[in-house]
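Structural description and commentary
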Amino acid sequence: MQPAPVKPTITGEDLNKIDIRVGTIERITDVPNSDKLMQLVVNFGDHQRCILAGIKKERPDPKEIEGKQALFVINLAPRKMAGIVSEGMLFDLGYADGISPVLAVPESPVPNGTRAE
C-alpha cells in the first residue's frame, strides 16, 4: 500500500472541535434498502446513539464487531441516510486505502464515553 498524501495542516483549535469518544457497539442491524449501511446501537456510558456505518460489504459478518469498543466522532450534525438518522461516525481504518477495514480500538477496555485527545 502506498500511503495517501498528508491532508492540509490544521490548528490545535480545529482538532479540539472534534469530540472523539469510546463506545461499545451493543447491537448491529441491517438497514433495509441499503446495500452498504448497517445500524449500530452504541453505548457511550451516559447515553446510547444510533450510528450508521457503511460496513455491510466490508466484512464477511458485520455482526462480528458487536460487543467491541471502538472510537466514534459524536459531535457531527445528525444525518439522515436511508430513512434513519445517524448520530455520529465510526472510525474504521483501512477502507479509504483499499485494505480490509479494522476498528480503531482502545489498547485495553476503558469506560464508555472516555474521550480521545
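Structure shown above.
In this report, the structure presented in the accompanying data block is examined. Source: prediction; values computed, not measured.

1. Quick word on the pairing of strand β1 (residues 20–30)
Bridging between β1 and strand β4 (residues 69–73) involves 5 bridges; their strand directions are antiparallel. Across the sheet, the residue bridging to Ile-20 is Val-73, located in β4. One ladder, built from 6 bridges, connects β1 with strand β2 (residues 38–43); its direction is antiparallel. Its bridge partner lying in β2, Arg-27 is registered against Val-41.

2. Details of the sheet that holds β1
Strand pairing within a sheet occurs via backbone hydrogen bonds; the two strands may be parallel or antiparallel. Spatially, β3-β2-β1-β4-β7 is the arrangement adopted by the 5 strands of the open sheet, whose pairing is antiparallel. The strands lining the two open edges of the sheet, one partner per strand, are β3 (48–53) and β7 (89–90).

3. Thoughts on the pairing of β4
In terms of burial, β4 is largely enclosed, as 4 of its 5 residues are buried. Two strands pair when backbone bridges link them, and β4 and β7 are joined in this way by 2 bridges, in the antiparallel orientation. Looking at β7, one finds that Phe-72 is bridged to Leu-90.

4. Comments concerning the layout of surface pockets
Of the volumes computed, that of the largest pocket is approximately 620 Å³. Together, 25 residues line the largest pocket, and Leu-52, Ala-53, Gly-54, Met-89 and Leu-90 are the ones closest to its centre. Where the lining of the largest pocket is concerned, the elements lending two or more residues are β3, β5 (79–81), β7 and β8 (92–93). The residue inventory of the lining of the largest pocket, partitioned by class, reads 14 nonpolar, 4 polar and 7 charged. Here the second largest pocket defines a volume of roughly 230 Å³. Taken together, Leu-15, Asn-16, Lys-17, Ile-18, Asp-19, Ile-20, Asn-75, Arg-115, Ala-116 and Glu-117 form the lining of the second largest pocket.

5. Describing the pattern of salt bridges
This model, assessed by the stated rule, comprises 8 salt bridges. Among the salt bridges present, the one from Lys-57 reaches Asp-35, with a minimum N-O distance of 3.4 Å. Taken as a pair, Lys-57 in the loop between β3 and β4 and Asp-35 in the loop between β1 and β2 lie far apart in primary sequence, 22 residues in all. Using a relative accessible area of 63% as the deciding quantity, one classes Lys-57 as exposed. Lys-63 is the salt-bridge partner of Glu-66, the closest N and O atoms lying 3.6 Å from each other.

6. Points about the packing of aromatic side chains
For the structure on display, the rule yields 1 aromatic pair. Arranged with centres 5.5 Å apart and planes meeting at 85 degrees, the rings of Phe-44 and Phe-72 form a pair that is edge-to-face. Placement of Phe-44 in the loop between β2 and β3 and of Phe-72 in strand β4 is noted, with a sequence separation of 28 residues between them.

Each value, and the rule that gives it
- Residues numbered from 1 in each chain as written.
- Predicted model: local features only at pLDDT ≥ 70, side-chain atom pairs only at ≥ 80, totals over all residues.
- Heavy atoms only, no water.
- Pairing = 2+ DSSP bridges.
- Helix = DSSP H or I, 4+ residues; strand = E, 2+ residues; numbered from the N terminus.
- Buried < 20%, exposed > 50% of the residue type's maximum accessible area, 1.4 Å probe, protein only.
- 1 Å grid on protein atoms, 1.4 Å probe; cavity = no way out; pocket = protein on both sides within 12 Å on 5 of 7 lines; lining within 4 Å.
- Points joined across faces, edges and corners; volume = space filled by probe spheres on them.
- Nonpolar A, V, L, I, M, F, W, Y, C, P; charged D, E, K, R; others polar.
- Salt bridge = Lys/Arg side-chain N within 4 Å of Asp/Glu carboxyl O.
- Phe/Tyr/Trp six-rings, centres within 6.5 Å; stacked < 30°, edge-to-face > 60°.

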